[in-house]
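# Fold and geometry: a report
Listed here are the chains, written in short residue letters.
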Amino acid sequence: MDPLKTSEQSRIASEQRKLRLQVLGLNSVETEATFDRVARLAASFTQAPLAMVNFINDERQMFRGMYVPTASPEEKADPAGGGIVFDLSSVAREAPNDYGFCPHVVAQGSQLALEDVFDYPRFKGNPLVNDMGVRSYLGTPLRDNSGMILGTVCVADMKPRVWDREIRQAMQELSETLLADFRLRDSLLAQQQELFAVFDGAPFPIMLTEGANHLLRYANGKQGNAFGMVPQFSPGRVALPGLESVGVFNAMDEAFHTGRAATLPRVQLSTYDSAQPQDFSFLCTPVRTSPGAPISGVLTVAMNITGQPFAGHEQQAFAANVQERFERLGSGSAAGAFPGQRV
């Protein structure tokens, strides 16, 4: 096989995987209870001291699900009560792409069972062996509902292990339990598109950002006309320096971290669609995909108030309904239109 072609195919697959993770909201190291639970189950039935649900993009590995033991004498570190002397409680939730064995699982597209790492010269010198004393590893490809490999469900031990057929099969079945989570995410994404159709017709700039770094998930036409069109998933602070300079992203930080709407009552900005600077009021509303879910992003609505003493009620009423609509996505309710708008 042509090594250059193989390298190019690997690069394309890596970029596609990163885009898919971005679309699913999984391209970061934030923990999730569902993935932690799967890691804990993997550790329990394999009797392994370390287990992870690992998503891999083109730059790093992200352990959104993890089980690690503690060295506390009051607690049994092994989930089955066997006890472990290693303290792995400080293991980071991310790692570079040359660390450990999960990238090999993704590259080969099949389960990897290493009963004793020292039996394999290509794996013996891996940083995971030197840093944590790992001697055995079992990793299973984690596929989404489209069949794309997003990462792994894996376990590791500090002593040689025999990973028998039953354990390998159980790990495969455990990874498949996450298919329902990926299907749900795709369903919510489809419902979000209905909301975006509403936003497209809004008479003022709107953008939806994702995560603490405010990656641009969506912007309507008014947003692009006024402040500039930027690629999806661009870091907002870098892509929209004009908004950063007047404090819009600071207000978005406040909304994301406090869970409460934040307002910039009046700032003056030069815009692409006007020869003169314009006055805007910005309302930044944190959004969740369901009532009990963590904050996933911020919806920012801008109202041009040039020549007006304050923002009109239209902006306030529109933004006040945003949280309810996004929460309804998670409950399976259809997304309805906002006041004064049509789908």
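These figures come from a predicted structure and were not determined experimentally. (Residues numbered from 1 in each chain as written. Predicted model: local features only at pLDDT ≥ 70, side-chain atom pairs only at ≥ 80, totals over all residues. Heavy atoms only, no water.)

### Some thoughts on the pattern of salt bridges
Any two side chains of opposite charge can pair if their charged atoms end up close together. We count it as follows: We define a salt bridge as a side-chain nitrogen of Lys or Arg found within 4 Å of a carboxyl oxygen belonging to Asp or Glu. Strands here are runs of E lasting at least two residues and helices are runs of H or I lasting at least four, both read from the DSSP assignment and numbered beginning at the N terminus. The cut-offs for exposure are 20% and 50% of the maximum accessible area for each residue type, with area from a 1.4 Å probe on protein chains only; residues under the lower value are buried, those over the upper are exposed, and the others partly exposed.
This structure, assessed with the given rule, holds 18 salt bridges. Salt-bridge contacts for arginine 20 lead to aspartate 144; the nearest nitrogen and oxygen are separated by 2.6 Å. Of this pair, arginine 20 sits in helix H1 (residues 3-24) while aspartate 144 sits in the loop between strand E5 (136-143) and strand E6 (149-157), and the two are 124 residues apart along the sequence. As a salt-bridge pair, aspartate 186 and arginine 20 come within 2.8 Å of each other at their nearest N and O atoms. Highlighted residues: aspartate 186 in helix H7 (residues 179-200) and arginine 20 in helix H1, separated in sequence by 166 residues. Judged by relative accessible area, aspartate 186 falls into the partly exposed class, the value being 22%.

### Observations regarding the packing of helix H2 (residues 33-46) against helix H6 (residues 165-176)
Basically, it comes down to this: Axis angles are defined between N-to-C directions and span 0 to 180 degrees, where every axis is a line fitted to C-alpha atoms and, for a helix, only to the segment in contact. Reported orientations rely on four angle classes, namely roughly parallel under 35 degrees, roughly antiparallel over 145, roughly perpendicular from 65 to 115, and oblique for the rest. By convention, the crossing between two helices is left-handed when the near helix turns anticlockwise from the far helix through less than a right angle, and right-handed when the turn is clockwise. Any two residues having at least one pair of non-hydrogen atoms within 4.5 Å are treated as being in contact.
Two elements in contact, H2 and H6, have axes whose closest approach is 11 Å; the angle formed by their N-to-C orientations is 170°. On the basis of the axis angle, H2 is roughly antiparallel to H6. Every pair of crossing elements has a handedness; the one defined by H2 and H6 is right-handed. Contacts between H2 and H6 involve Val38, Leu41, Ala42, Phe45 and Thr46 from the former and Ile167, Ala170, Met171 and Leu174 from the latter.

### Thoughts on the side chain of glutamine 61
Using the following cut-off: A 3.5 Å cut-off defines polar contacts: any pair of N or O atoms within that distance qualifies, except that in protein one atom must be a possible hydrogen donor and the other a possible acceptor, and neighbouring residues in sequence count only when both atoms are side-chain atoms.
Along the chain, glutamine 61 falls in strand E2 (residues 60-67). At 2.6 Å, the side chain of glutamine 61 forms a polar contact with the backbone oxygen of tyrosine 99. With sequence-adjacent residues up to four places away left out, glutamine 61 is seen in contact with Asn54, Phe55, Ile56, Arg93, Glu94, Ala95, Pro96, Asn97, Tyr99, Cys102 and Pro103.

### Regarding the environment of methionine 207
Within the secondary structure, methionine 207 sits in strand E7 (residues 206-210). Under the relative-accessibility criterion, methionine 207 is labelled buried at 1%. The sequence separation of methionine 207 and glutamine 223 amounts to 16 residues, and the corresponding C-alpha distance is 6.8 Å. Sequence-distant contacts of methionine 207, that is, excluding residues within four places in its chain, are made with Leu216, Tyr218, Ala219, Gln223, Leu240, Leu243, Phe249, Met252, Val298, Leu299 and Thr300.

### Thoughts on unusual backbone geometry
Its identity is not glycine, yet glutamine 47 carries a phi of approximately 60°, on the positive side. Structurally, glutamine 47 is set in the loop between H2 and strand E1 (50-56). Residue classification places glutamine 47 among the partly exposed residues on the basis of a relative accessible area of 36%. The phi dihedral of phenylalanine 233 is positive, around 70°, even though this residue is not glycine. As for its position among the elements, phenylalanine 233 is in the loop between helix H8 (221-227) and helix H9 (236-239). Judged by relative accessible area, phenylalanine 233 falls into the buried class, the value being 9%.

### Looking at the nonpolar core
We count it as follows: Side-chain atoms within 4.5 Å link the members of a nonpolar core, which is a set of buried Ala, Val, Leu, Ile, Met, Phe, Trp, Tyr and Cys residues.
By size, the foremost hydrophobic cluster in this structure holds 27 residues, and its most contacted members are Val53, Phe55, Val155 and Phe182. Within the residue set of this core, elements represented by two or more residues are H1, H2, E1, E2, E5, E6, H6 and H7. Examining the composition of this core, we find that five residues originate from one element, H2, more than from any other. Filtering out sequence-adjacent residues up to four positions away, phenylalanine 182 remains in contact with Leu24, Leu26, Phe55, Leu142, Arg143, Asp144, Asn145 and Leu150.

### Let's talk about the side chain of serine 175
Relative to the helices and strands, serine 175 is located in helix H6. The contact partners of serine 175, leaving out residues within four places of it in the chain, are Thr140, Pro141, Leu142 and Val153.

### Let's talk about the pairing of strand E10 (residues 278-287)
Filter applied, for reference: For two strands to be treated as a pair, DSSP must find no fewer than two bridges joining them.
With 10 of 10 residues buried, E10 is to be regarded as a mostly interior element. Taking every second residue as pointing to the same face, both faces of E10 are buried, with Gln278, Phe280, Phe282, Cys284 and Pro286 on one and Asp279, Ser281, Leu283, Thr285 and Val287 on the other. When strand E9 (residues 262-269) meets E10, the two strands line up antiparallel, connected through six bridges. Paired with threonine 263 across the strands is leucine 283, a residue of E10.

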